[in-house]
Amino acid sequence: MDSSSDNTLIIFFLVAFALYSFSRYLKYNLPGSAYLKHKIGRHLMYGKLNPIYQPYLYKNFPVLNQLSEDNRLLFESRVQRFINMKTFLSRGEIKQVTPEMKALIAGSAIQITMGYPEVYFSHFRTIIIYPDMYYSKLTKHYHNGEVNQLGVIVVSWKSFMEGFRDPRDGVNLGYHEMAHALKLQNIVENNDYEFFDSLIMNQFEKEAIKEMQKVKDIPAGASFFREYSATNLNEFFAVAIENYIERPTELKAYNIKLYHLLSKILNFDLLEISPYSS
Ligand SMILES: [Zn+2]
């Protein structure tokens, strides 16, 4: 082999290595605006989960231990894709968005969209994390979390973590806000538009109105759904989804009709998942 072909070979390997390094860099550090990141991330990044997120997912999302190998990998890669697509911003004393924050926020989104593997809340590009309750200029109130029409999801990290402390109590801010995002997603016009069946949604709302009345009639703390669910139909929807995911057995025993409607709306049934189904 002469020296010129030697050089060609070296250049080839150097270029290949540079391209590989750059693609690795892009995968986890996609630059640019939230809009660009969202557009590029949606199409380019659909790979394996960065192992840094794995322990947080397995600790907080019990469904992962129920899924078949294929669906577990799908859940993981969807989490990575969600992280790649969104811009995470911290506020106040939170100086840096940690891998735990990204894993849990993305995990909540992927948990509730298990039945819609192509839905990534494309209307929502930015996620803002506050240390505790924060003042919203929009509503002029203090909040634990909100999703707004401008395409921003806001959470208080303290309240968010409290939701995961007991994974079976039916209270989880992450699922709550993602449920609002999912409903808004279906209302605002975008790529994922209209994945809910309006007939099923109507039946759900009829059932929701009955349940909200029960919450108002029964003394505080004695009803299945917590008091806050009776605020309005949107809040009932979000609270119902928290319960559907954290205590499906109890919800099914309490109101089987509502349980089935929610499983149709979300397009997955947590109690029917077996590790052998794909
Ligand atoms: Zn709410």
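Every value quoted in this text rests on a predicted model; they were computed, and no experiment measured them.

Asks: Quick question: what am I supposed to make of the packing of helix α7 (residues 173–187) against helix α9 (residues 233–246) here?
Replies: Packed helices, taken two at a time, are described by their axes: the angle between them and the distance between them. Packing of α7 against α9 leaves a shortest axis separation of 8 Å and a crossing angle of 125°. Between α7 and α9, the angle is such that the two are oblique. α7 and α9 meet at a crossing whose hand is right-handed. Where α7 approaches α9, its residues Tyr175, His176, Ala179, His180 and Lys183 are matched on the opposing element by Asn234, Phe237, Ala238, Val239, Ile241, Glu242 and Ile245.

Asks: Whenever I open this one, the nonpolar core confuses me. Can you help?
Replies: Across soluble globular proteins, nonpolar side chains show a tendency to be buried alongside one another. Grouped together as the largest cluster of nonpolar side chains are 60 residues, with contacts concentrated most on Val79, Ile112, Ile241 and Leu262. Beyond its immediate chain neighbours, meaning those up to four positions away, Val79 contacts Leu49, Tyr53, Leu57, Ala103, Ala106, Gly107 and Ile110.

Asks: How do you make sense of the pairing of strand β1 (residues 87–90) when you look at a structure like this?
Replies: Within a regular strand, the side chains alternate between the two sheet faces. In terms of strand pairing, β1 meets strand β2 (residues 126–130) through four bridges, oriented parallel. Bridging across to β2, Leu89 finds its partner in Ile128. Each parallel crossover has a hand, and the one from β1 via helix α5 (residues 99–112) to β2 is left-handed.

Asks: Help me out: how do you make sense of unusual backbone geometry in this one?
Replies: Backbone geometry places Phe121, a non-glycine residue, at a positive phi of 55°. Inspection of the secondary structure assignment puts Phe121 in the loop between α5 and β2. In this structure, Asn267 takes a positive phi of about 65° despite not being glycine. Mapped onto the fold, Asn267 is located in the segment after α11 (256–266). A residue is classified by how many C-beta atoms lie within 10 Å of it, and Asn267, with 15 of them, is partly exposed.

Asks: Would you mind showing me how to read the sheet that holds β2 here?
Replies: The pairing of strands in a sheet comes from backbone hydrogen bonds and takes either a parallel or an antiparallel form. Spatial ordering of the open sheet is given by β1-β2-β6-β5, a layout of four strands whose pairing is mixed. Strands with a single pairing partner mark the edges of an open sheet, and in this sheet they are β1 and β5 (145–148). Across this sheet, the average inter-strand angle for adjacent strands is 15°, counted without regard to direction. Sheet contacts for α7: β5 and β6 (152–156); angle to β5, the most-contacted strand, approximately 15°.

Conventions adopted
- Residues numbered from 1 in each chain as written.
- Predicted model: local features only at pLDDT ≥ 70, side-chain atom pairs only at ≥ 80, totals over all residues.
- Axes fitted to C-alpha atoms, helices over the stretch in contact; angles between N-to-C directions.
- Helix = DSSP H or I, 4+ residues; strand = E, 2+ residues; numbered from the N terminus.
- Parallel < 35°, antiparallel > 145°, perpendicular 65-115°, else oblique.
- Left-handed = near helix turned anticlockwise from the far one by under 90°.
- Contact = placed C-beta atoms within 7 Å.
- Core = buried A, V, L, I, M, F, W, Y, C linked by C-beta atoms within 7 Å.
- Buried ≥ 20, exposed ≤ 12 C-beta atoms within 10 Å, placed from the backbone.
- Pairing = 2+ DSSP bridges.
- Right-handed = clockwise from strand over helix to strand, strands pointing away.

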